[in-house]
Amino acid sequence: MQKVRGILIGRMQPVHNGHMQVINKILEEVDEIILGIGSAQLSHELKDPFTAGERIVMISQALADAGVDPSRYYIIPMQDINFNAIWAAHVKMLTPPFSIVYSGNPLVKQLFSEEGYEVRQPPLYDRLHLSGTEVRRRIIEDEDWRELVPSATAEVISEIKGIERIKNLSIKEISDI
Ligand code: NAD
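The present account deals with the structure reproduced in this document. (Residues numbered from 1 in each chain as written. Predicted model: local features only at pLDDT ≥ 70, side-chain atom pairs only at ≥ 80, totals over all residues. Heavy atoms only, no water.)

This brings us to the overall build of the protein chain. Each helix and strand in the protein chain was counted, giving seven helices and five strands. Listing each helix as α and each strand as β along the protein chain from the N terminus yields β-α-β-α-β-α-β-α-β-α-α-α. Relative to the compact-globule value of 16 Å for 177 residues, the protein chain shows a C-alpha radius of gyration of 16 Å, a close match. Split into buried and exposed, the 177 residues of the protein chain put 45% on the buried side. The long-range fraction of contacts in the protein chain, counting pairs at least 24 apart against all pairs at least 6 apart in sequence, stands at 67%. A total of about 9300 Å² of accessible surface is found on the protein chain, and carbon and sulfur atoms cover 52% of it. (Helix = DSSP H or I, 4+ residues; strand = E, 2+ residues; numbered from the N terminus. Rg over C-alpha atoms; globule rule 2.2 N^0.38 Å. Buried < 20%, exposed > 50% of the residue type's maximum accessible area, 1.4 Å probe, protein only. Contact = heavy atoms within 4.5 Å. Areas by Shrake-Rupley, 256 points an atom, 1.4 Å probe, with all protein chains shown as cover.)

Let us now look at the side chain of Ser131. Looking at the element boundaries, Ser131 is found in the loop between strand E5 (118-120) and helix H5 (132-140). A relative accessible area of 9% places Ser131 in the buried class.

Let us look at the pairing of strand E2 (residues 32-37). It is a general feature of regular strands that their side chains alternate between the two faces of the sheet. For E2, the buried fraction is high: six of the six residues fall into the buried class. The side-chain alternation of E2 yields two buried faces, one formed by Glu32, Ile34 and Gly36 and the other by Ile33, Leu35 and Ile37. In terms of strand pairing, strand E1 (residues 5-10) meets E2 through six bridges, oriented parallel. Among the inter-strand pairings, Leu8 is bridged to a residue of E2, identified as Leu35. Note that E2 and strand E3 (residues 73-77) share five bridges and pair parallel. Counted as the bridge partner of Ile33 is Tyr73 from E3. For the segment spanning E2, helix H2 (residues 52-65) and E3, crossover handedness is right-handed. (Pairing = 2+ DSSP bridges. Right-handed = clockwise from strand over helix to strand, strands pointing away.)

Further remarks concern the site of the ligand. By nearness alone, 27 residues border the ligand, and Ser39, Ile81, Asn84, Tyr125 and Arg127 come closest of all. With respect to the ligand, the side chain of Ser39 contributes an N or O atom lying 2.7 Å from an oxygen atom. Protein coverage of the free-state accessible area of the ligand, which is 860 Å², stands at 90%. At the level of secondary structure, the elements contributing two or more residues to the shell around the ligand comprise E1, helix H1 (17-27) and helix H4 (106-114). Along the lines of polarity and charge, the residues of the shell around the ligand split into 14 nonpolar, ten polar and three charged. (Near = heavy atom within 4 Å. Polar contact = N/O pair within 3.5 Å; in protein donor to acceptor, adjacent residues only side chain to side chain. Nonpolar A, V, L, I, M, F, W, Y, C, P; charged D, E, K, R; others polar.)

This part is about helix H3 (residues 87-94). All of the buried residues in H3 are Trp87, Ala88, His90 and Val91. Buried residues of H3 fall within an arc of 160° about the axis and therefore sit on the same side. Away from the buried face of H3 by more than 90 degrees, exposed residues Lys92 and Met93 are located. (Arc of directions from axis to C-beta.)

Attention now goes to the nonpolar core. With 34 residues, the main nonpolar core has Leu8, Ile23, Ile33, Leu35, Ile59 and Leu63 as its most contacted residues. Of all the secondary-structure elements, those providing two or more residues to this core are H1, E2, H2, strand E4 (100-102), H5 and helix H6 (151-159). Not counting the four nearest positions on each side in its chain, Leu8 is found in contact with Val22, Ile23, Ile26, Ile33, Ile34, Leu35, Gly36 and Tyr102. Counting residues in each nonpolar core, the second largest holds 14 residues, with Ile9, Ile34, Met78 and Phe112 among its members. (Core = buried A, V, L, I, M, F, W, Y, C linked by side-chain atoms within 4.5 Å.)

With that settled, the discussion passes to the sheet that holds E4. Read from one edge of the open sheet, five strands run E3-E2-E1-E4-E5, paired in parallel fashion. The sheet terminates laterally at E3 and E5, the two strands that pair on one side only. Across the sheet, the axes of successive neighbouring strands diverge by a mean angle of 25°, strand direction being ignored. Pairing between E1 and E4: three bridges, direction parallel. Its bridge partner lying in E4, Leu8 is registered against Tyr102. Across the sheet, H2 lies against E2 and E3, angled at about 170° from E3, the strand it touches most. (Axes fitted to C-alpha atoms, helices over the stretch in contact; angles between N-to-C directions.)

Note that all results are geometric; they support no functional claim without further evidence.
This is the structure we're talking about:
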């Protein structure tokens, strides 16, 4: 029987517990999930501090720790392109065939529904705290950010000296104003 595949595209800067919960939820609905690491070309910016490779290690290790069968997901880095009107085709070119798009991002939802895909809005889990913005803010303010992310994300951030990276970026971006 043909497999049902869904796709979730996110910047995942960094991978947090909201991403993990939504991935688990999607895996209840589809046979396989494609995880697109969005804005793969970006790193070392306050809003996008981590490289695509660093984000791939975070998500793959977090999925392994959660016991998710590796045959059920694909992790694919995706660079942005300048043309929103053909972005869905660009994504399609990079991935295994899929029929369902999962996103809470209004632009992503619009671009895929205009191309005829079924778009589903997954539930948002504790969005007040479970967001990349909040994780990065807590890192800068020396608050507890580790409770918001899987241990794999915390380990990668520690290995790559990610706390220092984000703090340096915050100093640089403030001094650039
Ligand atoms: P994100 O990491 O903020 O979120 C990704 C998804 O994770 C969301 O859609 C949401 O469904 C889920 N999520 C996040 N927090 C959650 C929570 N607490 N509970 C449940 N689910 C949660 O990433 P994003 O900004 O939506 O990523 C979209 C990507 O698509 C970006 O990289 C963007 O640049 C790219 N994009 C590119 C183009 C182009 O190149 N022209 C056009 C559109 C989008």
